[in-house]
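Given next are the chains, with one letter for each unit.
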Amino acid sequence: MRKLFGIFLISLLCADAWAAGIYLRNRGHFSELVIPGIADRILSVSKGSDMLAVESSAVLSGMDGSRIHDPFIRSIAVNGRILTISLFPGNDYTVNTSGKDFKLVVAKKKQTETIKTGYGIEKPVATKDMISVENTDLDAALARVDGLIASKNYTEAMNLAESIVKSQPDGYYKQEAYFRQGLIYLYTGKDNYNNYVFASQLFDDFLKQYPDSFRKKDAMIKSAEAKESAQLYNEAIFAYNNVIRTLRAPDVIKTAYERIADINTEMGKFKEAIDVRNQIAAKFKSEAGPQNAKIGMLQSRMKDYDLAYSSFLTVVNSGTDLDKLGPEVLYTMADIFEKKSQPDTARGLYERVYSKFPTSSQADMAAYRSAMLLKNTNPQVLDARLQYCAKTFGKKKGGMLCSVAFAERHLTKRTSDQWSDFLKGPLTSQDIDLRSEAELLIIRSLFREGQYDAADKKVAEFIKRNYTSDHLQEIYNIRQRILLTKAKDAYKKSNYAQAKTVTEGILKEYPDTPYKKEALEILQDISFGGIRDMFLAGKYKDTIDSLNKYLADNPDIVSPAKWLAMLEDAKYNYTRQVFAAKNYNGTIAVAGEYLVSFPNGKHKDDVRKMLEASIAAVITDAYKKQAYIQLVGTYDKNQNTILTSRNADFRDRMNSYTAFALYKLGMSAKAEKILDRNRNGKNPYYILTSLMLGRAVPDVNPNIFTRGMMDYLVQELEKKNPDLLLHLLSKYTKDPAYAAQETYGISKGVFDDIKREKMLFDLYMKVDSDPKSRFKGYDEIYLDTGISFFKRNNFDSAVKVLEQFKLVHAARDDKRAEGLYYLGKAYQKLGKPDQSRNAYMELMESVPKSVYASAAKSELEDTKWRNSLKN
C-alpha cells in the first residue's frame, strides 16, 4: 500500500490473471473507495449498518484484512470471491455499480438539519477523481442561499443558486447549488403547482448527473415528495419504491411505505393501500397495532364494515396504546363499533376522543354521538350529556346538534320564542342540514301552539332557503297539515267556499298528500250537502243524476256508505214517484236500476212489488190490446224478475200471457215452453192458456176465470173449439147473464138447425126461468127460439115463445116486426086465422114501415083472396 497524491493504492489480484487496484481517497468529510473495471463481475452486494460484502464471479486475493488508516473505513478483507469492507460506527454510505467501476462513498451520518432535506449526509461531496478545493466565497454563497430559503425569500435564493450553477464546473459547489434549486421549487409548489413538477424533474436530473453524490438519498426522497405533491401519483409510488429498494434506514423505508399507502388512499385504491399497510405491519412488528387501525380506516371508507370491525377489534385486543392512534382513528373505530351494535365500546371510544383530544376536529361530534348512544338506555343521563355537549361545543356542529337533540326531546316544555333563543346557533349555522333541523323544530313548535300563519310563513322561508334539505318532505307535510286545519276550521264555520278553495289548493299542489283522505272528505262533504238539499226538495231524478256523476268523477270516495245510502233512498223515492204517476214502463226501468244497484237494499221488497205491478200492468195492457210483440218484448226484458218472483199469481199470469202471445205470433213450441214454467197447474192463467193452446185440461171449472179471461176464451175458442166453449159457458155460474149472452152469440154462428134449436131452447129455458141470466137484448132469444120452432114446424111452441117475445120486447122496431110476423104465420099454420090476423094487424100498426109489415099485408090479402074463392 502506498500513498499517491493523497490516494492509497491497494493491490488486488484476480485468479484469472486479471489484476486491479483498490483506490481509497479521503476528502476530509468523506472517503471514497474505487475498484476500477470490476462492476460487471460483481454478483451481489450484501449491505449491513456497519459492513458490506461484495461477491465476485472470480476469486480475489492480495488483501490481508489489516487495518486501513482511514477515518471512515475500518478494514478491507478478501476471502475467496468475497470482499468484506468494515466501517466505523456512525457512518453512512452509498454504493454504485452502474458503470464499469465499483464505487463506495462513506461519510458521517447527518446530525443536524440546517436545510430541511429530510435525510442525507453531513456535508455533500463530489466523487470520482475530483480534487476538493476549498472556496470560502462559494461556501458563503451557499450559506446565504440557505438563509434566504430559511426566510422564505425564494426568488432571491433561486437567483443566487442559479448563478452558482452557471458559474461553476461540475464540482461540489455546483452540485450543492443545483440541489438547492430543487428544494426551492419544492417549497414554492404550494404557490404554483408547476413548481412541484419542476422540482421533480430537477431532482431526477440531479440523480442522473450525480449518481455517486451523498445527496443521492436526499434527491431520491425529495423527487418522490415532489411527484406526490404534483399529484403524479404513479410516478411518486415508483420513486418511493425505488427509495425502499435502494436505501437501508428502517425509518426511511417505513416512511416510504407510509407515503405509498397514503398515495393509494388518495387515489381511491383502498385495497392497494391495505396491502401496503399489511407489508408495513409484517416488516415492522411494532407497527402492527397502528397499521391495523389504519387498515380499519380504509375498510371503513370502503364501507366494508365487517372487515373494519375485525381490524379494529384486533387493535383493541392487541394492547395498543389507543391514545397514540389519534382522534380521527378513534372516532372511526367508535363509528364502526356503533354500527356493529357495540354501544358500550363505541361510547367509550367517543368519550376518549372528546376527553383526550378536546380541541380535535372530531371532539364535538364524538360528544354528540356518545350522548345519543344513551338515548335508549339512560334518558336522564342523555339530557345531561346533551346539555354539557351543547355548552362545551356550542359553536361547533356536534354542540349544535346536541342543542337540536335536546330541543327535540323537550319541545313541548318551552315556547317557540324560548326555543328560538336556545337554538340561535343552529338557526344561524351555515350547515344547511343542521340549520334546517333547527328551523323544523321551530315550525313544529309554532304549529303545536296553533300559530298557523307564523308556521306557514316559516315553512315558506324554509323551502326557499333549504331546497335540498332532507327535511323538505316533513316541511311539506306540516304545510299540508296547516292548510288542512284552516280548511277544517272554515268548514266548521260553514264557510264552504273558503274551505273548498283551500282544500282544492292542497290537492292541486300536493296530489300525493298523505292527508288526501281528509282533504277529499271535506270536499266531498261540501258536495254531499248540496246534493242532499236537492234530495230533500224531492228532486229525486236530479239527485240520482248528480250522485252518479259525482261518484263516477270521484273514485276516491272517503265515506262511500253515506253516498250510497242517499243514492239508494233517491232511487227508491224516484221509483215511488214514477209508479204513482202510473208510468209503468218508467217504473220498470228505475225499479230495475234500484234492484241492480242495491240487490239487498232496505227497500228491495217494496221496489220489487212496484216493479212486478208495473210489469203486470204493461203486459196485461199489451194482452188486452193484442200487442203481442210488445208483450213478448216486455217479458224478455224482465224475464228474470218474473221467474224469480215469489208472487205465484204474478209469475204464472205473466208466463201464461206470454205463452198466449207467442202462440198468437205463430211460435207454438216456444209458447208451450213458456207455459210449462208455471209451477201451479191449477192456476187460472195456466188453465186458460192451456185451453187456448188446445191442451187437454180435465174437469175445468170455468168459474175460476175472470170476466176478462172468459172474453179471451170466447174470442179464441169460438171458432177453434165452440163445443168446448159452450161447455165452459154452460158451467160458468159466476156471471149467468154473461154466459147466456156469449152462448147466444155463439148460437148465431151455428148452421146446424137441430143443434142451433137445442142451443136456443136451452137459452130460452134459462133466461125464462132465471132472471140472473137475462142480459141486455136477451129478449132476442125468444125471437130466435120462436122462429127456430116455426121452421121446425113446431107451431105450438113457436106461438108460445113468440107471444112471450111480444111481451118482453116492447120496442117498435124490426125485431118486434119480425116476431109479430112469425107469430101470425104460426097462428096461420095452426088454423087460427083470427089470432093470425090480429098479429099481422098489430105488426102493420106498430111498425108500418118494416119489410115485415109489407109481408104481413100480403099475407092478409092472400088470406082474403083464398077466402073469397071458397065463397
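Note that the coordinates shown come from a computational prediction; the quantities given were computed from them, not determined experimentally.

Calculation notes
Residues numbered from 1 in each chain as written. Predicted model: local features only at pLDDT ≥ 70, side-chain atom pairs only at ≥ 80, totals over all residues. Heavy atoms only, no water. Helix = DSSP H or I, 4+ residues; strand = E, 2+ residues; numbered from the N terminus. Buried < 20%, exposed > 50% of the residue type's maximum accessible area, 1.4 Å probe, protein only. Polar contact = N/O pair within 3.5 Å; in protein donor to acceptor, adjacent residues only side chain to side chain. Disulfide = S-S within 2.5 Å. Core = buried A, V, L, I, M, F, W, Y, C linked by side-chain atoms within 4.5 Å. Contact = heavy atoms within 4.5 Å. Expected span 1.5 Å × (residues − 1). Arc of directions from axis to C-beta. Phe/Tyr/Trp six-rings, centres within 6.5 Å; stacked < 30°, edge-to-face > 60°. Lys NZ or Arg CZ within 6 Å of the ring centre and 35° of its normal. Pairing = 2+ DSSP bridges. Axes fitted to C-alpha atoms, helices over the stretch in contact; angles between N-to-C directions.

**Here's the deal with the environment of Tyr 178**
Its place among the elements puts Tyr 178 in helix H3 (residues 172-187). Since its relative accessible area comes to 14%, Tyr 178 is described here as buried. For the pair Tyr 178 and Lys 222, spaced 44 residues apart in sequence, the C-alpha to C-alpha distance is 13 Å. Polar contacts involving the side chain of Tyr 178 include one to the side chain of Asp 205, which spans 2.3 Å.

**A word on the state of the cysteines**
Throughout the structure, instances matching the rule amount to one disulfide. What pairs with Cys 389 in a disulfide is Cys 402, and their sulfur atoms sit 2.4 Å apart. Because the torsion about its S-S bond is 80°, the bridge between Cys 389 and Cys 402 counts as right-handed. Of this pair, Cys 389 sits in helix H14 (residues 379-392) while Cys 402 sits in helix H15 (residues 397-409); the two residues are 13 residues apart in sequence, bridging distant segments of the chain. Exposure class is identical for Cys 389 and Cys 402. Each is buried.

**Regarding the nonpolar core**
Taken as a class, soluble globular proteins show a tendency for nonpolar side chains to be buried jointly. Within the largest apolar cluster, 71 residues are counted, with the highest numbers of intra-cluster contacts made by Ile 615, Ile 619, Tyr 623, Met 654, Phe 705, Leu 713 and Leu 729. Looking at this core element by element, the count peaks at nine residues for helix H26 (residues 604-624). Beyond its immediate sequence surroundings of up to four residues, Met 654 is in contact with Ile 615, Ala 616, Ile 619, Thr 620, Tyr 635 and Ile 642. By size, the runner-up hydrophobic cluster in this structure holds 59 residues, among which are Phe 312, Val 315, Val 353 and Ala 366.

**What to know about the side chain of Arg 369**
In this fold, Arg 369 is placed in helix H13 (residues 363-372). Looking at Arg 369, the relative accessible area reads 18%, which means it is buried. Within polar-contact distance, the side chain of Arg 369 engages the side chain of Glu 338 at 3.0 Å. Once residues lying within four places of it in the same chain are set aside, the contact partners of Arg 369 are Tyr 331, Asp 335, Glu 338 and Tyr 350.

**Focus: helix H1 (residues 136-150)**
Helix length check: H1, at 15 residues, gives a terminal C-alpha distance of 21 Å against a target of 21 Å (1.5 Å per residue), a fit within 8%. Inspection of H1 places Leu 138, Ala 141, Leu 142, Val 145, Asp 146, Leu 148 and Ile 149 among the buried residues, and these make up the whole buried set. Each buried residue of H1 lies within a common arc of 165° when the element is viewed along its axis, so the set occupies one face. Residues Thr 136, Asp 137 and Ala 150 are exposed on H1 and point more than 90 degrees away from its buried face. Contacts made by the buried residues of H1 are with helix H2 (154-167) and H3. If you check the start of H1, you find a side-chain oxygen 3.1 Å away from the backbone N of Asp 137, and it comes from Asn 135. Positive backbone phi, at 65°, marks Lys 152, one or two positions downstream of H1.

**Some points on the packing of aromatic side chains**
Scanning the entire structure with this criterion turns up 38 aromatic pairs. With centroids separated by 5.8 Å and ring planes inclined at 45°, the aromatic side chains of Phe 406 and Phe 422 adopt a geometry described as tilted. With a gap of 16 residues between them, Phe 406 in helix H15 and Phe 422 in helix H16 (residues 416-422) connect regions that are remote in the sequence. We classify Phe 406 as buried; its relative accessible area is 7%. Taking relative accessible area as the criterion, Phe 422 reaches 29% and is therefore assigned partly exposed. Put simply, the rings of Tyr 623, Tyr 628, Tyr 657, Phe 660, Tyr 663, Tyr 685 and Tyr 712 touch in pairs and so form one group of aromatic residues. The positively charged end of Arg 215 is found above the aromatic ring belonging to Phe 179, 4.7 Å away from the centroid.

**Considering the sheet that holds strand S9 (residues 82-87)**
Strands sit in the order S5-S6-S9-S8 across an open sheet of four strands; the sheet is antiparallel. Because the sheet does not close on itself, it has two edges, and the strands there are strand S5 (42-47) and strand S8 (73-79). When strand polarity is set aside, the average angle formed by the axes of neighbouring strands in this sheet is 15°. Direction of pairing for strand S6 (residues 51-56) relative to S9: antiparallel, over a ladder of five bridges. The partner of Met 51 across the bridge, within S9, is Ser 86.

**A closer look at the pairing of S9**
Here is the key point about a regular strand: its side chains alternate between the two faces of the sheet. In terms of strand pairing, S8 meets S9 through six bridges, oriented antiparallel. Residue pairing for S9: Val 78 is matched across the bridge by Leu 83. As consecutive antiparallel partners, S8 and S9 are separated by two residues, and within that stretch Gly 80 has a phi angle of approximately 70°, a positive value.

Bear in mind that shape data such as this cannot, by itself, settle questions of function.
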